[in-house]
Amino acid sequence: MKYLDEFRDPKLAKKIVAAIRNTVTRPWVIMEICGGQTHSIIKNGIDQVLPKEIELVHGPGCPVCVTPLEIIDKAIEIASRPEVIFTSFGDMLRVPGSRKDLFMVKSEGGDVRTVYSPLEAVKIARENPDREVVFFAVGFETTAPGNALAIHQAAQEGLTNFSELVSHVLVPPAMEALLSAPDNRVQGYLAAGHVCTVMGWEEYEPIAKKYKVPIVPTGFEPVDILEGILLVVKQLEEGRYEVENQYLRSVKREGNRPAQKLIKEIFEVTNRKWRGIGEIPSSGLKIRDKYADYDAEHKFDVGDIQTNEAEICISGIILQGLKKPKECPAFGKECSPSHPLGATMVSSEGACAAYFKYQRLQ
Amino acid sequence: MTRPEINFPESLSCPVPIMHHETIQLAHGAGGKLSAELIEKIFLPRFANEQLNKLEDQAILDNPGKRLAFTTDTFVVDPIFFPGGDIGELAINGTVNDLAMSGAEPLYLSVGFILEEGLPIATLHRIAVSMERAAGKAGVAIVTGDTKVVNKGSCDKLFINTSGIGVLPDDVHISAGNLQVGDRIILSGTIADHGMAVLTSREGLSFRSRVSSDTAALNQLVRKMLDTTTDIHALRDPTRGGVATTLNEFARQSKVGIRIYGDRIPVRPEVQGACEVLGIDPLYVANEGKLIAVVPETHAADVLTAMHTDPLGEKAVIIGEVVGDHPGTVAIKTGLGVSRVLDMPVGEQLPRIC
Amino acid sequence: MCLGIPGKVVKIFDENGLKMGHVDYGGTMNKACLEYVPEIKVGQYTVVHAGFGISIIDEEEAQKTYEVWEEFVDAAAREGVDIYGNPLKKDESE
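Residue numbering note: each chain is counted from 1, following its sequence as written. Key to labels: chains lettered from A, ligands numbered from 1, both in the order written. The predicted origin of the model limits local features to residues at a pLDDT of at least 70 and limits the giving and counting of side-chain atom pairs to 80 or more, whereas totals for whole chains, interfaces and linings rest on all residues.

*Asks:* Just checking my understanding: could you explain the overall build of chain B for this structure?
*Replies:* Counting from the N terminus, the helices are DSSP H or I runs at least four residues long and the strands are E runs at least two residues long. Assigned secondary structure in chain B consists of nine helices and 14 strands. Compactness check: chain B gives a C-alpha radius of gyration of 21 Å against a globular reference of 20 Å for 354 residues, within 12% of the reference. Residues are called buried when their C-beta atom has 20 or more other C-beta atoms within 10 Å, exposed when it has 12 or fewer, and partly exposed otherwise; all C-beta atoms are positioned from the backbone. Put simply, chain B has 354 residues, and 51% of those count as buried. Throughout, a residue-residue contact means that the two C-beta atoms, derived from backbone geometry, are no farther apart than 7 Å. Counting contacts in chain B only where the partners sit at least 6 residues apart, residues at least 24 apart contribute 86% of the total. The globule rule used here is 2.2 Å times the number of residues to the 0.38 power, and the radius of gyration it is set against is calculated over C-alpha atoms.

*Asks:* Would you take a moment to explain the overall build of chain A for this structure?
*Replies:* Each helix and strand in chain A was counted, giving 17 helices and 10 strands. The globule rule puts the C-alpha radius of gyration for 362 residues at 21 Å, and the 20 Å found for chain A is close to it. Burial status across chain A gives 61% buried among its 362 residues. Within chain A, contacts between residues separated by at least 24 positions form 77% of all contacts whose residues are at least 6 apart in sequence.

*Asks:* Even after reading the chapter, I still don't get the interface of chain C and chain B, so can you show me in this structure?
*Replies:* Interfaces are frequently sized by the accessible area removed from exposure as the parts join. At the junction of the two partners, chain C supplies 14 residues and chain B supplies 18 residues. Elements represented by at least two residues in the side of chain C that touches chain B include exactly β2 (18-25) and β3 (28-33) of chain C. Here the side of chain C that touches chain B takes four residues from β3(C), the largest share from any one element. Three classes are used: nonpolar for Ala, Val, Leu, Ile, Met, Phe, Trp, Tyr, Cys and Pro, charged for Asp, Glu, Lys and Arg, and polar for all others, with Gly counted as polar. Here the side of chain C that touches chain B is built from residues that sort into seven nonpolar, six polar and one charged.

*Asks:* Hey, could you run me through the pairing of strand β9 (residues 267-274) of chain A in this one?
*Replies:* All names here are of chain A. When DSSP finds two or more bridges between a pair of strands, those strands are recorded as paired. Across seven bridges, β9 lies against strand β10 (residues 278-287) in antiparallel orientation. Residue pairing for β10: Arg 272 is matched across the bridge by Ile 280. Counted between consecutive antiparallel strands, the loop separating β9 from β10 contains three residues, among which Gly 276 sits at a positive phi close to 85 degrees.

*Asks:* Would you take a moment to explain the domain arrangement of chain A for this structure?
*Replies:* All names here are of chain A. All domain edges in this entry derive from an automatic or database-based domain assignment. The domain architecture assigned to chain A consists of domain 1 (5-61 + 172-238), domain 2 (65-170 + 255-300) and domain 3 (315-357). Once you take the C-alpha centre of each, domain 1 and domain 2 turn out to be 30 Å apart. At the interface, 14 residues of domain 1 touch 17 residues of domain 2. Mapped by element, the contributors of at least two residues to the side of domain 1 that touches domain 2 are β2 (54-61), α9 (171-179) and α10 (193-199). Along the lines of polarity and charge, the residues of the side of domain 1 that touches domain 2 split into nine nonpolar, five polar and no charged.

*Asks:* I would appreciate a short explanation of the interface of chain A and chain C in the present structure.
*Replies:* Each partner contributes residues to the interface: chain A has 45 residues there, and chain C has 35 residues. Only α1 (10-23), α2 (35-44), α8 (144-157), α10 and α13 (257-266) of chain A provide two or more residues apiece to the side of chain A that touches chain C. When residues in the side of chain A that touches chain C are grouped by element, the largest group, eight residues, is from α1(A). Partitioning the side of chain A that touches chain C into residue classes produces 23 nonpolar, 14 polar and eight charged.

*Asks:* I keep staring at the domain arrangement of chain B and nothing clicks. Help me out?
*Replies:* Residues and elements named next belong to chain B. We note that the domain assignment places domain 1 (26-168) and domain 2 (184-341) within chain B. For domain 1 versus domain 2, the distance between C-alpha centres works out to 27 Å. Tallying the contact residues gives 20 residues for domain 1 and 22 residues for domain 2. Those elements giving two or more residues to the side of domain 1 that touches domain 2 turn out to be α3 (87-100), β4 (105-116) and α4 (121-138). A total of seven residues in the side of domain 1 that touches domain 2 trace back to one element, the largest contributor, which is α3.

*Asks:* What should I look at first to understand the environment of Val167(B) in this one?
*Replies:* Assignment of secondary structure puts Val167(B) in strand β6 (residues 158-168). For the pair Val167(B) and Ala104(B), spaced 63 residues apart in the sequence, the C-alpha separation amounts to 5.0 Å.

*Asks:* What is the right way to look at α2(A) in this model?
*Replies:* A turn of α-helix holds 3.6 residues, and therefore any two residues three or four places apart point the same way. Residue and element names in this part refer to chain A. With nine of its 10 residues buried, α2 lies for the most part within the structure. Looking at α2, one finds that the buried residues are Gly 35, Gly 36, Gln 37, Thr 38, His 39, Ser 40, Ile 41, Ile 42 and Asn 44. Looking one or two residues beyond α2, the residue adopting positive phi is Gly 45, at roughly 75 degrees.

*Asks:* What exactly am I supposed to notice about the sheet that holds strand β14 (residues 339-341) of chain B here?
*Replies:* By way of backbone hydrogen bonds, the strands of a sheet pair with one another, either parallel or antiparallel. Residue and element names in this part refer to chain B. If you trace the seven strands from one edge of the open sheet to the other, you get β9-β11-β7-β12-β10-β13-β14, paired in mixed fashion. Each having just a single partner strand, β9 (234-236) and β14 make up the two edges of the open sheet. Shown here is a sheet whose adjacent strand axes are inclined to one another by a mean of 25 degrees, direction ignored. In the sheet, strand β7 (residues 184-187) pairs with strand β11 (residues 292-295) via four bridges, with the strands oriented antiparallel. Of the residues in β11, the one forming a bridge with Ile 186 is Ala 293. Along the sheet, helix α7 (residues 242-254) makes contact with β7, β9, β10 (257-261), β11 and β13 (330-333), crossing β10 at roughly 150 degrees. Fitted lines through C-alpha atoms serve as axes, helices being fitted only where they are in contact, and the angles separating the N-to-C directions of these axes extend from 0 to 180 degrees.

*Asks:* I'm lost on the sheet that holds strand β1 (residues 28-34) of chain A in this one. Help?
*Replies:* All names here are of chain A. In spatial order, the strands read β2-β1-β7-β8; together these four strands make up an open sheet with parallel pairing. Strands with a single pairing partner mark the edges of an open sheet, and in this sheet they are β2 and β8 (215-218). Within the sheet, the average angular offset between the axes of one strand and its neighbour, ignoring direction, is 25 degrees. Looking at chain direction, β1 and β2 are connected through six bridges and run parallel. Bridge pairing links Ile 30 to Leu 56 in β2. Of the strands in this sheet, β1, β2, β7 (188-192) and β8 touch α2, which is tilted by about 120 degrees from β1.

*Asks:* Sorry if this is basic, but what is going on with the confidence of the model for chain B here?
*Replies:* Low pLDDT marks regions whose predicted coordinates should not be analysed in detail. The pLDDT value expresses, per residue, how confident the predictor is, ranging between 0 and 100. Averaged over all residues, the pLDDT of chain B equals 92, while 95% of them reach at least 70. Of the regions scoring below 50 in pLDDT, residues 1-11 of chain B engages in 18 contacts with residues more than four places distant in sequence or in other chains.

*Asks:* In this structure, what is going on with the pairing of β13(B)? I would like to understand it.
*Replies:* For a regular strand, side chains alternate in direction, first toward one face of the sheet and then toward the other. Residue and element names in this part refer to chain B. Where β10 meets β13, four bridges bridge the pair, whose relative direction is parallel. What sits directly across from Arg 259, in β13, is Ala 331. Two elements, β13 and β14, share three bridges in a ladder whose sense is antiparallel. The partner of Lys 333 across the bridge, within β14, is Ser 339.

Given below as structure tokens:
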């Protein structure tokens, strides 16, 4: 496929690896923010071809992983109601809440449906006027434009039976939270290419300056990721800390203006709790009061469900890049993709699941 | 051995027989007049053969005096019609293939239908026609059958169970536990066609897909392979769980390591496209007309050549080998030249956005 | 996060007042909402995430990235070592 195959070319990738080798002189810790990049790194074995000086740590950029337990529990409560058709991206169905997951709700008779686009959920609402259709709106800045448009469209059409259970999170505040932690090890970032496609990269400039870290918006194919690493390493070696765009074919400095406009129209910035990390100020989006009729939390009054994580799970520490999945005593034992204790093992792009699925040979 | 008599349809257009009802009624499964009408008008004209025509409660078969292979499988696909096939064709080919993977020559099938009340007779007829064609193509006879009707909502349109009997040549000993270090792993063609054809035709994903299922009976391909050498160590059709699952089963049962080369595995561009969009790894997606063969290195080239003469094996390739390292584990070599573990999948492959 | 796949827009149409398109991914076609890429034309490529086009692929930039590395003379190879620093065998020095 055009624009994929070229950026998977092993010959090209190997040339970049050689360039990285020629550039690096000291140890560096680089974090890839995005779970999609983690997935690609482990799947293609990129971590295995890098010089030993470079340590990749895996960031919190997996919406499935950071969606707090109580939101999952709220989703489960709403989805269990007989009048509700609960719609979700496939990713969220297996994520365990405190007692069950959405798959179990389905097996108990709940009407839980997988959709590929939030507009499919709007269509279901249009076709089922006597049912309440709820869409589980999780994700980062990339998914926000679609979820915003779904609400906008429902409002345009006057659909009163559509709402979203929103758990939107924002990347830059999480990056700052990690950098300002006392035990931070991250020296450079690969920023998430598709988040930057929507938001642009202006908002990363103050972070790069304040914390003296190179930030490189990076794509998802092996050639992209290796080139992103090369750009970060070059800056680190030269003592520079700038925002430098690797993913030129998709990311523009100003991002996608029409998308940003509609996000602002529907959502406003709020404090959000991140699973495993805790509350980060101004790190999420919620539906504006103007559109409260489309807010499932408001509509269904699911109130304050409070829940606690499994004690043995260290997914919070893993999401902050402080430990690798294999350093967890439960990894591969009590905790595996079939019996996940934490979200990093559930999501296919969670660091633990990626490590489990694409293990290195012993 | 003599092959059972097969009636090929005279013409490709098979008009729906005129019946008392246009949809399935509970009485169609109650054993009375409507049951008889269903058998006489829908099933017998399609599946006719000497044994079935007797309408006894059992088929009486000659004992060919050899080892028999016997298998059963139940089919519950949604949607029941998908690009490249339907549940009926799948039910025939699936059981034929399970027999063929032992090296047996498939001969007789039984068919059990569970029908949902209200199913259009025309739908059932269309499926019966496609089962007739699939059985004809594979050279097997449907010699006994059963029909039950359940209340609306108790099953999704229709479920089909097929069981099959085949006869094994004396010198064939194929088993997932037979892999030897040095053996070559052969894949008969492109992967993930069936699973992606079904997934992309599901409602709610808005695909306008050109992906077509690969459902096919593999017994003739297997015969060509066995004509080359009977020294085939293992054969399996990578259905649910895909190629990755079959290779892991081989490695575990034979307590050997398997190494495959990611870039040798053929995937059609449109299938790859659908996999990319839904975030699904083709190595974990079901196939219904492909096989993986494990053969000694000395026979690998000959078996491959024989496979290339069959339309179902035209694109057969050697994708890897059996190794002494990492017993029980499958390793895949990536484009970057490094190896990683290729594990069993966990649960159903779900479309993802992350 | 955020699986985004480049596909070619082959048809643009209106559905419920929204700009929609058929997007081709190597032969498989899927519907995508093109409201966020209002200036896109048939034949252009867009990165699609969860059913929404989020950018128009800059073909020039894509080509540039590719060409830079395509033409990159492997410094390591010139020195007669592979990317791991091991001496090159003849057949590897392409």
